[in-house]
Structure formats: structure tokens, C-alpha cells
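# Summary of the model geometry
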Amino acid sequence: MTFYEELKARGLIKDVIDEPTLIEQLNKPCTVYIGFDPTADCLHVGHLQQICILKRWQNAGHNVIALAGGATGMIGDPKPTLERKLLSAQEITHNVQAIKKQLGHFLDFENSSARLVDNYEWLGHMNLVDFLRDYGKFFNVNYMINKDTIARRLETGISFTEFTYTILQAIDFLKLYQNYNCTIQLGGSDQWGNLVSGTDLIRKVCGSDTKVYGITSPLLTKSDGGKFGKTESGTVWLSKERTSAYEFYQFWVNTSDADIINYMKRLSFKSLDEIAQLEESLKAAPEKREAQKAFAAEMTEMVHGKQGLEEALKITSTFFNGNINDLTVDELRSGLKNAKKFTVESGTLLVDALVQGGICASKREARDLVKQGSIQVNGAKVNAIDATLTKDAAYNNEFSIIKKGKKNYFVCEF
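No experiment lies behind these values; they were computed from the predicted model shown.

### Let's talk about the packing of aromatic side chains
When we look at a pair of aromatic rings, we describe it by the centre distance and by the angle of the planes. Evaluated as defined, the whole model comprises eleven aromatic pairs. Relative to Tyr 409, the ring of Phe 319 has its centre 4.9 Å away and its plane inclined at 85 degrees; by these criteria the two rings are edge-to-face. Placement of Phe 319 in helix α15 (residues 290-321) and of Tyr 409 in strand β14 (residues 408-413) is noted, with a sequence separation of 90 residues between them. Given the relative accessible area of 4%, Phe 319 is considered buried. Residue Tyr 409 is classed as buried on the basis of its relative accessible area of 12%. Note that Arg 56 overlies the ring of Phe 269, its terminal NZ or CZ placed 4.5 Å from the centroid.

Structure, rendered in C-alpha cells:
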């Protein structure tokens, strides 16, 4: 199976410009690029597919460019419904630097086959007259307004600023072609119009026989229609400061059976044969969740390293099977970040706290659970009806952990 055939088998190819000629070009090393908009100072799981695609191309012996939108980020790719909030130059600069550092975690920039480039280098100093004379003349307005991204916005309105975004992205491709012999632009399926604009501009400027290509990949979505990368607690980030290794691991291990194989094909670096074996395991014994566990471990190690994976596995194992006192205070906080929390005064009766925290509906239920041995406080079973919760007995004198039954945890703060 060729590299391109594997990309197709993994579901990473949707639309292609001049596919037959492109396939021929892939017999030798090519240079490809993907752009990353600095709308935040941290990448999230929604970026993972594009990051992994660049990594696959680099692993296959091609040259890759990660383009940070230091200039285009000041405008923003048009959203389907409304205008983006404009970020300040200081915010953009900060975000670009943060994203560059993060991308270096996934791509080998020490190797000459990969580089980071900021489009502020050529767009940031361009004046309006140069923009209109050198590039604007190549774009037909009637053609532009029929592109999906812009057409969807015509009813609600689109500013001239966002209308010009496709021109700026086309200039990016042209500059990367001229400066680095980059002949292939990669992107999500929502970027098809921008990819076509880029190849069109290059051919108009450099000659109609210029060989440049665009490849889109289907957007990663959930089978139930929900938005990929979102949980009840919000966006899943590729940074331990925003999303801990444990939370990250749990996000993937809780992937539905309907989605897991698709996600693995798109994001995992396991072979297709290995993925097929895990798919068989999923069919034969779905309750074991072997595919989810293998995928969660791979993704967590890729983003958080071996130490992060070990921490995630330790917390997971402890909360489901072990003694929570084997965890550090930081690990407890990480594992219970999304647990229900409530506040009490030191010395509050446990029975009262159970009702106050919504753990039990009544004092009678609370007393019954305590008598039955169904309540644990800080890892120890409590049977005394007159037991109290005190700050002195809390972790770091700050919080205690109440466990109801086998797996329901609550955080009691003082």
C-alpha cells in the first residue's frame, strides 16, 4: 500500500486538485503545508487531525511546513454565521509564540524536513496598493461570492475584511511556493475554497502549467451529531495547564463504540492491521473497551508524554479499584476536577453534609447509607451516625473526599 493509498484507507482524503498528477509527484519528496490560526494561545483536540497529518507526511519522507497565521489571525477565517472578534496585535503575537512552541512537541523541527513559518513575514508589511495591484486583480468578485464560505454569509452579512481572507490565504500558498518550493496545501474540508484560490493564484502568477495541488480531509465529527472535542467541562486542550493528562485520557477512553475506529484510523499511528484487530475485539467483547484503552493511552502519551500517561493510568486505576490515599493532593485535584463540589463549616455532622451537598435526599437516607457502610470519607469507611467533617482531617486542610457506593465521588470544601 502506498502512502497516498494509506491516507485514503484512513479516511484522510476528501477533495483533491488534479489527483492523477499529484499521485505521480508523490514518488519523490514533496513539500506540503497546513495553516494554524492563532485564535487562542493553546491548540486543542480539534487541531489533532491536521497535526497528525503533517506528522504522517514527515514520517513518509516529505517536507512539511506548519504555517502560523500571525497576519491572517488578525482578520480571521470567516465563520459560517457571524464575524469573528478581532484580536489585538499583542494577543496575536502571544498566541503565535505559544502555538509555535506547542507544534514543536509533535513535529521534528530539528530535522531539516520540517519548519515553522509565520505569514506575518510577507503579509504584515504589505501596503494596500501592492495588495490591490499585485494580487487583488487576479480575483473575480462574482466567483468569490459563490464560494461556500462566503455564500453562506451573504444573507447575514460579511465585512470586506473577512471577504478578503481567501485572498490572503492564497498569497500564503504563493509565497510558500516561491520561497520553499511548497507544492501542496493541506486542510480540512471547510478549507476547499481557500485551497482552490491558492492554486489558481499561483498558476496566474507563475504560469498555467505550474504544478501545485490541494488536498482536504473530512472534518472529524461525532456520529451522534455532537461537536467533537467538547465535553461538559468545555474544550479539551493539548496542554496540561488547561486539560490534565487524566482528563485527556478519560476523554478518549470514554469514546463511543460508534466513533472509536474512525478516530483511530484518523489519529492513531497504529497500523491499519492493528486497528482492524482492535475492531474485532470491540465486536467480540465491547465491555472490555480494549480499543478505547489502547487509543487513549497512545493519544495521552503523544500529547503528555510517558509521565503524563503513567499519571493518568495511576489516577484512573486508583479511583476505580484502589485507595485514594495512594494519590498526591495534586493527583486528587486532577482526578476530581469535574466532581460535584460543595462547602461546609468545619465540625459539620457527616449526615448533615450529605444532605447539604445533595449526596442524599434526606437525613434518613444519609443515616441509612452510613449504617450500611456505603459512605467513605477520605478513603475510610464511616459507620458512626455522629461522625463529623473537620478541616484538620482534610487534605491540605482544604477539602475532603466523600465516596458514595462504588464510584460516586464528591468534594467537600471547607
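### Thoughts on the nonpolar core
Soluble globular proteins: nonpolar side chains tend toward being buried together. Formed by 56 residues in total, the largest nonpolar core has its most connected members in Val 45, Leu 48, Trp 57, Ile 184, Leu 238, Phe 248 and Trp 252. Excluding anything up to four places from it in sequence, Val 45 contacts Phe 228, Gly 229, Val 236, Leu 238, Phe 248, Phe 251 and Trp 252.

### Section: the side chain of Thr 243
Along the chain, Thr 243 falls in the loop between β7 (234-235) and α12 (245-253). Within the structure, the side chain of Thr 243 is placed 2.9 Å from the backbone nitrogen of Trp 237, a separation counted as a polar contact. Apart from the residues within four sequence positions on either side, Thr 243 is in contact with Thr 235, Val 236, Trp 237, Phe 248 and His 304.

### A closer look at the pairing of strand β4 (residues 184-188)
Walk down a regular strand and you will see the side chains alternate between the two sheet faces. Most of β4 sits inside the fold, with five of its five residues counted as buried. Two strands pair when backbone bridges link them, and strand β1 (residues 31-36) and β4 are joined in this way by two bridges, in the parallel orientation. Directly across from Tyr 33, in β4, lies its bridge partner Gln 185. For β4 and strand β5 (residues 213-217), the ladder comprises five bridges, and the chain directions are parallel. The residue of β5 that forms the bridge with Ile 184 is Tyr 213. Where the polypeptide runs from β4 across helix α11 (residues 192-206) and back to β5, its parallel neighbour, the crossover connection is right-handed.

### A closer look at helix α3 (residues 48-59)
Each α-helix winds once per 3.6 residues, and so residues spaced three or four apart point in a common direction. Given a rise of 1.5 Å per residue, twelve residues ought to cover 16 Å, and the 16 Å separating the end C-alpha atoms of α3 matches this to within 8%. Counting buried positions along α3 yields ten of twelve residues, so the element is predominantly enclosed. Turning to α3, its buried residues number three or more, namely Leu 48, Gln 49, Gln 50, Ile 51, Cys 52, Ile 53, Leu 54, Arg 56, Trp 57 and Gln 58. Note on α3: the residue one or two positions beyond its end, Gly 61, has a positive phi of about 95 degrees.

### Observations regarding the packing of helix α13 (residues 257-267) against helix α14 (residues 272-284)
Here α13 crosses α14 at 170 degrees, and the two axes come no closer than 10 Å. Between α13 and α14, the crossing angle belongs to the class labelled roughly antiparallel. Within the contact between the two elements, α13 uses Asp 257, Ile 260, Ile 261, Met 264 and Lys 265 and α14 uses Leu 272, Ile 275, Leu 278, Glu 279 and Leu 282. When the residues that make up the contact of α13 with α14 are grouped by side-chain class, the tally is seven nonpolar, no polar and three charged.

### Some thoughts on the environment of Glu 241
Looking at the secondary structure, you find Glu 241 in the loop between β7 and α12. Sequence spacing of Glu 241 and Cys 42 is 199 residues, and the spatial spacing of their C-alpha atoms is 9.9 Å. At a separation of 2.8 Å, a polar atom in the side chain of Glu 241 contacts the side chain of Ser 239.

### Things to note about α14
Taking 1.5 Å per residue as the helical rise, α14 with its 13 residues ought to reach 18 Å, and the 18 Å between its terminal C-alpha atoms agrees with that figure. By the burial criterion, the buried members of α14 are Ile 275, Leu 278, Ser 281 and Leu 282. End-on view of α14: buried residues confined to an arc of 110 degrees, all on one side of the axis. Those residues of α14 that are exposed and aimed more than 90 degrees away from the buried face are Asp 273, Gln 277, Lys 283 and Ala 284. Looking at the packing, one finds that the buried side of α14 touches α13 and α15.

### Section: the layout of surface pockets
Of the pockets and cavities examined, the largest pocket occupies roughly 1,500 Å³. Surrounding the largest pocket, 50 residues form its lining, His 44, Gly 46, His 47, Arg 84 and Asp 190 being those nearest its centre. Of all the elements in the fold, those that place two or more residues in the lining of the largest pocket are β1, α3, β2 (63-68), α10 (165-180), β4 and α11. A class-by-class count of the residues in the lining of the largest pocket yields 20 nonpolar, 21 polar and nine charged. Here the second largest pocket is characterised by a volume of approximately 930 Å³. Lining the second largest pocket are 34 residues; nearest its centre among them are Tyr 246, Gln 250, Phe 251, Asn 254 and Asn 338. Contributing elements (two or more residues each) for the lining of the second largest pocket: β6 (230-231), β7, α12, α13, α15, α16 (329-335) and β14. Each residue belonging to the lining of the second largest pocket can be placed in one class, and the counts come to ten nonpolar, 14 polar and ten charged.

About the cut-offs
Residues numbered from 1 in each chain as written. Predicted model: local features only at pLDDT ≥ 70, side-chain atom pairs only at ≥ 80, totals over all residues. Heavy atoms only, no water. Phe/Tyr/Trp six-rings, centres within 6.5 Å; stacked < 30°, edge-to-face > 60°. Helix = DSSP H or I, 4+ residues; strand = E, 2+ residues; numbered from the N terminus. Buried < 20%, exposed > 50% of the residue type's maximum accessible area, 1.4 Å probe, protein only. Lys NZ or Arg CZ within 6 Å of the ring centre and 35° of its normal. Core = buried A, V, L, I, M, F, W, Y, C linked by side-chain atoms within 4.5 Å. Contact = heavy atoms within 4.5 Å. Polar contact = N/O pair within 3.5 Å; in protein donor to acceptor, adjacent residues only side chain to side chain. Pairing = 2+ DSSP bridges. Right-handed = clockwise from strand over helix to strand, strands pointing away. Expected span 1.5 Å × (residues − 1). Axes fitted to C-alpha atoms, helices over the stretch in contact; angles between N-to-C directions. Parallel < 35°, antiparallel > 145°, perpendicular 65-115°, else oblique. Nonpolar A, V, L, I, M, F, W, Y, C, P; charged D, E, K, R; others polar. Arc of directions from axis to C-beta. 1 Å grid on protein atoms, 1.4 Å probe; cavity = no way out; pocket = protein on both sides within 12 Å on 5 of 7 lines; lining within 4 Å. Points joined across faces, edges and corners; volume = space filled by probe spheres on them.

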